[in-house]
Each structure stands twice: as C-alpha cells, then as structure tokens.
Amino acid sequence: EVDAIISAVGQRIDQIIINDLPKLEWTRWNTIGTGDVTMETSIEGVFAAGDAVSGPATVVEAIAGGKRAADAIDRYLSKKSPKIQAPVPPRSERVPLIETDADEKMTFPRASLPLLDHQLRRTSFQQVELEFSEESAKQEACRCLRCDICIRCQRCVEICRDEMGIGALEFGYMDTDQPRPTDFRVTREKCISCGACAANCPNDAIRIEDRDDDRLLMLCGTVLNRQRLLPCRSCGTAVGTAVYLDYIRNKIGTIGQIIHDRQLCEACARKENARKSVGHVLNI
Ligand code: SF4
Ligand code: SF4
C-alpha cells in the first residue's frame, strides 16, 4: 500500500556531488564517466549506474547497469579480476544510405512525436507517445549522421585542411582539434572535388562519385558538393571540375598548366607535353 506514486522522467543529472568528489570524472554530456563493463568511476572502489551514467534512458537499461555494477562490486570486494568487454560482433551488412542534400540535412527540423489526447491518457493505459507517420519517419531518418559508418576519426578533415590546404569540411560533432560548428553547406563553397578526403577515409564513409556530367562528394549519403565535370578536349574523358583544374595549374608546374589551359586529361596532357618536347629538340 502506498500513499502516492510520482512518475518522473530523468532529464538531466544533478551534479550536487561535484564539490564533494572532485576526483570524479564527468563525460562531455555531464554524466558520470565509468567503464562500460566494470561501471567503476575514476575513483577506485566507487561504482555508478543508471541515468547518472547513461543520461536519460529506459528503466531496463538502468536495471542492466545496476546488475553490471553489482557484479563488478562483488568482484572488486572478492578481489577477482574485472570482467572484460565481450568482442563487438562484426557487421554483416550495411543499411543503404539515404541520399540527402546538405541544405536539407541542415534545415530539416526534428520531427515531433504525436501524443495521445489528454482525456484518453486519464482513462486508459495506452502508450502516450504515438508512432510517426511514414513520411515523418522517412524525414527523421534523413537527419541520421550514420555514425555506424563514419567512425569520426577526423582523417578527412585533417587531409582537406592540412594536406590540401583547403579546409572545406566542418564537422563540429567530430570533436576536432580546431572545433567549429557543424555546417555541411560550407563544403561546396570551398571544395575543389579533389577526392583526397574520400581516398583516405578508412571506412568508405565519404565518397566521390561521377554521375552524368557532375562530380558528387557525399558523406554517408549527404551530398556535400556537386560540381560540373569538364571533358578532355582530346579524348572526352572527364578531367575534373573547373576549380580542380585551377588548383592543379597552381600546384603542378608544366603538366598542370597544360591540363588546365588545354583542358586535357592527364594522359593526353603528357602526350602533348612529350610532343612539344620532341618538337623543341628537333627545332634545335
Ligand atoms: S568520413 Fe571517413 S575519414 Fe572522415 S571522419 Fe568519417 S570515417 Fe573518418
Ligand atoms: S574533395 Fe573537397 S572536401 Fe574532400 S579533400 Fe578535396 S577539397 Fe576537401
């Protein structure tokens, strides 16, 4: 028998203990940092679980965390070795990417979940949060950053900024060494479609693709840049985009100059260069 039941949903962590436990480490989400399996905090012999560790989550997850912590405390007190994280099973297949334009990705608002009518909530046990419509679910899926594919290693950001000297990628959510707010739209303002980021991505998350007459740069389905390809005036093969040709003219001396000025692919530019050199030798 109880006098009152107060149902509550955890929203944020009360950091009241922060002054009493200065050695306690907190995550960037203001939750208590623990090992995934041991649930031990940065203070030896102090364990934590539940919303204080995971942030607002389900009761099931809180109970599971509590059980893991209880097991870890038992091991700690019995001086047994702590449990080791079970290996993560390899992915068997990749869910197809949803192609979304960078503008849409940045402006799609978060879909709000329809809720059960107030009157019905008082008189039934029906779930209060109802389901998305198919259209809202699809739009919400377009906002996904696909962190199952992009492992946020930041290699692409560093390559574009430090190796290519361009700095077209701004992914603040990747926690880079030079943080900036995430804006997928800035890429097209600076990107030269060189493909260096895609060539160095360890997980095929950022890709460059020639489609019809365009070259597309895509991050996990988000189209960051789309530029018109120029054909080689000799053989018709795509030579690259106008800004890319400008870039190589400035970077790669003679061949770069020929590729740019005559709009030739690399093979044709080399032939042209060789022809010119032979002509020059014969003239001598
Ligand atoms: S797109 Fe590739 S290189 Fe860039 S952060 Fe993601 S996994 Fe790393
Ligand atoms: S393709 Fe664009 S974003 Fe990628 S490295 Fe080149 S300039 Fe940077």
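**Concerning the site of ligand 2**
Taken together, Cys160, Ile166, Leu169, Cys191, Ile192, Ser193, Cys194, Gly195, Cys197 and Leu217 make up all the residues around ligand 2. For the shell around ligand 2, the class distribution of residues is eight nonpolar, two polar and no charged.

**Topic: the pairing of strand S3 (residues 214-219)**
Across the six residues of S3, six count as buried, placing the element largely inside the fold. Side-chain alternation along S3 places Asp214, Leu216 and Met218 on one buried face and Arg215, Leu217 and Leu219 on a second face that is also buried. The pairing of strand S2 (residues 206-211) with S3 spans six bridges and is classified as antiparallel. Note on S3: the bridge partner recorded for Ile208 is Leu217.

**Re the pairing of strand S4 (residues 222-231)**
Pairing of strand S1 (residues 100-101) with S4, which is carried by two bridges, proceeds in the parallel orientation. Of the residues in S4, the one forming a bridge with Thr100 is Thr222. Where S3 and S4 come together, six bridges link them in antiparallel fashion. Bridged to Leu217 within S4 is Asn225. Hairpin connection from S3 to S4: two residues lie between these consecutive antiparallel strands, with Cys220 at a positive phi of about 45°. Direction of pairing for S4 relative to strand S5 (residues 238-241): antiparallel, over a ladder of three bridges. Note that in S5 the partner of Leu229 across the bridge is Thr241. From the end of S4 to the start of S5, which pair antiparallel, there are six residues, and Gly236 there has a positive phi angle of about 90°.

About the criteria used
Along each chain, residue indices are assigned from 1 in the same order as the chain's sequence is written. Each chain is given a letter, starting from A, and each ligand a number, starting from 1, according to the order in which they appear as written. This being a predicted model, a pLDDT of at least 70 is required before a residue's local features are given, and a value of 80 or more before pairs of side-chain atoms are given or counted; all residues contribute to the totals for chains, interfaces and linings. The basis for every side-chain value is the complete set of heavy atoms in the structure, and neither hydrogens nor water enter the calculation. Neighbouring residues are identified by heavy atoms, a residue being near a molecule or strand if any of them is within 4 Å of it. For this scheme, ten residues count as nonpolar: Ala, Val, Leu, Ile, Met, Phe, Trp, Tyr, Cys and Pro. Four count as charged, namely Asp, Glu, Lys and Arg, and the remainder, Gly too, count as polar. Under the scheme applied here, a residue whose accessible area is under 20% of the maximum for its type counts as buried, over 50% as exposed, and between as partly exposed, the area being computed with a 1.4 Å probe on protein chains only. Counting from the N terminus, the helices are DSSP H or I runs at least four residues long and the strands are E runs at least two residues long. DSSP calls a pair of strands paired once it identifies at least 2 bridges connecting them.

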